Amino acid sequence: MDSVIFQGHPGTGKTIIAVHRLAFLTNPDARERMSDGLVMLIGPTREYSQHVTPAVNSLVGEADDNVLVSSLPALLDELSGLGDDPRADTRSDDPRVVGDEIVPYLSATFTDVKRKGLLTALDRQTAVRVLYEHLRTDPAFPGGTAMEASWYHFLRALPSFEEARSSPNLRALLAYLGMRFRKPVWFADLAHVIVDEGQDVHPLEWEILGRLGPSQGWTILGDLNQRRADSTFRSWKRVASILAIEDDGRAPVEFLERGYRSTGPIMAFANRLLPRTDRTINSLQAQGVEPKRVRVQQRDKLASSAVEEAIALLSRLSGGSVAIIAATTSPIAAPLRRAGWSAQTEGGQLWTGPDGTVRLLSHDQARGLEFDGAVVVEPADFPQTEGRLGSLYTSLTRANKELVVVNHRALPEQLRN
């Protein structure tokens, strides 16, 4: 029943733990030891929520009112009052709008606007608009002290609300203002919160989650080696501090070192991207097919080669799941159509064709998912975080059985030998 943080490499069962912990905490036997309340599972993407929902339903039933599965982007949408935007992500190129240094300015501005009575009888979206416009035109600072000039100019340069509401960079900022204005209706019943892929949650987003304040604890799961942004925390201690779950000043971290998903050869290949001290994982599937590397001589043949390799995987993995993962997915859609495939979802992520079904995902969308086979396209295009290829590492470890890497540009140095 304690709060806990699970740190583990890909395939160590973090998502399985998340789903089963949710099921346990809503089980009648567990309810004898904890009061009734809502148990919430928060994942990194909408694709993740769709991926785990069938497993959740099979364990707890589809009509369990004590269970809530959401993604962080969807939660931010709800808190900001702007409606569900399937395209929205929490990615940001500017640490100032997702870091914790902006929190005092947001908090002080909210307090100032509320004190002036400007939030009375407003709906959530209107209140967020009022708060945001005050932040960019008349920002406040705690205690009435002078505001640092660089922050003052930064806040005054923020775009209008109409521009901000469609900006992924500012979604967390708007959600924070929405949370301060009014917490969601289910807040009072919240007993336990489970956050998967926690390494990608930004400081401001942790501040938002911390204000959910579940009555009976937290379960956080993630892998700091898979961080995809410089602005996220480098250690779990800061997370534990924000959520107030420190144990004698330390984060309550449990380390997972046994790998259940990917084969030994796949993990050995992907682990080359990690420092030697972080390569500790024992794969239960010690044997397996060595990752295949396909070098394409012409750049314009890269996408069609990726499609050919995905079709070959479907043939070898009869009835298995296959994904194509790339930094940018749009160039791969054309050769899929030429090969007789058609998109079954609005975002073009699920494709069906004469050989079966393939998922076409960006490295962001692939987080928390797994497939029997995966084709990773052009690793050199994947972003770096403080010199680490966290997004590429995540993508390489989505495959359970077979991994194919298709590239035109040179592979990262760690993967060449």
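This text goes with the structure placed above it.
The rules we used
- Residues numbered from 1 in each chain as written.
- Predicted model: local features only at pLDDT ≥ 70, side-chain atom pairs only at ≥ 80, totals over all residues.
- Heavy atoms only, no water.
- 1 Å grid on protein atoms, 1.4 Å probe; cavity = no way out; pocket = protein on both sides within 12 Å on 5 of 7 lines; lining within 4 Å.
- Points joined across faces, edges and corners; volume = space filled by probe spheres on them.
- Nonpolar A, V, L, I, M, F, W, Y, C, P; charged D, E, K, R; others polar.
- Axes fitted to C-alpha atoms, helices over the stretch in contact; angles between N-to-C directions.
- Helix = DSSP H or I, 4+ residues; strand = E, 2+ residues; numbered from the N terminus.
- Parallel < 35°, antiparallel > 145°, perpendicular 65-115°, else oblique.
- Left-handed = near helix turned anticlockwise from the far one by under 90°.
- Contact = heavy atoms within 4.5 Å.
- Buried < 20%, exposed > 50% of the residue type's maximum accessible area, 1.4 Å probe, protein only.
- Pairing = 2+ DSSP bridges.
- Right-handed = clockwise from strand over helix to strand, strands pointing away.
- Core = buried A, V, L, I, M, F, W, Y, C linked by side-chain atoms within 4.5 Å.
- Expected span 1.5 Å × (residues − 1).

S.K.: Can you break down empty space enclosed by the protein residue by residue, with the values?
M.R.: All told, the structure shown has three cavities of 30 Å³ or more when counted by the stated rule. Taken as a whole, the largest cavity holds about 70 Å³ of empty space. Forming the walls of the largest cavity are 11 residues, and the residues nearest its centre are Gly-43, Pro-44, Leu-72, Glu-197 and Val-201. Tallied by class, the residues present in the lining of the largest cavity amount to five nonpolar, two polar and four charged. Of the volumes computed, that of the second largest cavity is approximately 40 Å³. Taken together, Gly-198, Gln-199, Val-201, Trp-206, Leu-224, Thr-232, Phe-233, Ser-235, Trp-236 and Val-239 form the lining of the second largest cavity. The class makeup of the residues in the lining of the second largest cavity is six nonpolar, four polar and no charged.

S.K.: Would you mind going over the packing of helix α5 (residues 103-115) against helix α9 (residues 171-181) in detail, with residue names and values included?
M.R.: Packing of α5 against α9 brings their axes to within 11 Å, and their N-to-C directions diverge by 40°. One element, α5, and the other, α9, form an angle in the oblique class. The handedness of the crossing between α5 and α9 comes out as right-handed. Residue-level contacts link Val-103, Leu-106, Ser-107, Phe-110 and Thr-111 of α5 to Leu-173, Tyr-176, Leu-177, Arg-180 and Phe-181 of α9. The class makeup of the residues in the contact of α5 with α9 is seven nonpolar, two polar and one charged.

S.K.: Summarise the pairing of strand β5 (residues 218-222); cite the residues concerned and give the values.
M.R.: Every regular strand shows the same layout, with side chains that alternate between the two sheet faces. Here β5 lies mainly inside the structure; five of its five residues are buried. Here β5 shows no split at all, with Trp-218, Ile-220 and Gly-222 on one side and Thr-219 and Leu-221 on the other all buried. As defined by bridge partners, strand β1 (residues 4-8) adjoins β5 across four bridges and the pair is classed as parallel. Bridging across to β5, Phe-6 finds its partner in Leu-221. Relative to β5, strand β4 (residues 190-195) runs parallel, the two sharing three bridges. Bridging from a neighbouring strand, Val-195 pairs with Ile-220 of β5. Following the chain from β4 across helix α10 (residues 203-210) to the adjacent parallel β5, one finds a crossover that is right-handed.

S.K.: Provide a residue-level description of the environment of Pro-252, including the pertinent values.
M.R.: Take Pro-252: it is sitting in the loop between α11 (236-243) and β6 (253-256). Taking C-alpha positions, Pro-252 is 8.6 Å from Lys-237, a pair spaced 15 residues apart along the chain. When neighbours within four sequence positions are excluded, Pro-252 is seen to be in contact with Ser-3, Val-4, Ile-5, Ala-240 and Ile-245.

S.K.: Any chance you could break down the layout of surface pockets for me, citing the residues and the numbers?
M.R.: One way to see where empty space is left: roll a probe the size of a water molecule over the atoms. One number sums up the size of the second largest pocket: a volume of about 360 Å³. Considering the residues around the second largest pocket, the lining is formed by 20 residues, among which Thr-15, Ile-16, Arg-261, Gly-368 and Glu-370 are closest to the centre. Secondary structure elements with two or more residues in the lining of the second largest pocket: α1 (14-25) and α3 (46-60). If you tally residues by element for the lining of the second largest pocket, the top one is α1, at five residues.

S.K.: Can you lay out the environment of Asp-189 for me, pointing to particular residues and giving the numbers?
M.R.: Following the sequence through the fold, Asp-189 ends up in the loop between α9 and β4. Those residues in contact with Asp-189, other than ones at most four positions away along the chain, are Gly-37 and Leu-38.

S.K.: Provide a residue-level description of the side chain of Thr-394, including the pertinent values.
M.R.: Topologically, Thr-394 is positioned in helix α15 (residues 390-396). Classification of Thr-394 as buried rests on a relative accessible area of 3%. In this structure Thr-394 touches Gln-226 and Arg-367, once residues within four positions along its chain are discounted.

S.K.: Help me get a handle on the nonpolar core, residues and values and all.
M.R.: Within the largest apolar cluster, 59 residues are counted, with the highest numbers of intra-cluster contacts made by Tyr-132, Leu-155, Leu-173, Trp-206 and Leu-209. Among the elements that line this core, the one with the most residues is α9, at eight residues. For Trp-206, the residues in contact, after removing those within four places along its chain, are Val-195, Gly-198, Val-201, Ile-220, Phe-233, Val-239, Ile-242 and Leu-243.

S.K.: Go over α5, please, and point to the residues and values.
M.R.: The terminal C-alpha atoms of α5, which comprises 13 residues, lie 18 Å apart, in line with the 18 Å expected from a rise of 1.5 Å per residue. When we look at burial in α5, the residues that qualify are Val-103, Tyr-105, Leu-106, Ala-108, Thr-109, Phe-110, Asp-112 and Val-113. In this structure, the buried residues of α5 make contact with α6 (124-137), α7 (149-156), α9 and α10. Residue Gly-117 follows α5 closely and has a positive phi angle near 75°.

S.K.: An account of the sheet that holds strand β9 (residues 292-295) is needed here, citing residue identities and associated values.
M.R.: Judged by pairing direction, the sheet is mixed, and its seven strands sit side by side in the order β9-β15-β14-β10-β13-β12-β11 without closing on themselves. Every interior strand has two partners, whereas the edge strands, β9 and β11 (342-343), have only one. Bridge analysis of β11 against strand β12 (residues 350-353) gives two bridges, and the strand direction is antiparallel. The residue bridging Ala-343 from the neighbouring strand is Trp-351, located in β12. Strands β9, β10 (322-326), β13 (356-362), β14 (371-377) and β15 (399-407) of the sheet are contacted by helix α13 (residues 302-316), whose axis makes an angle of about 160° with β15.

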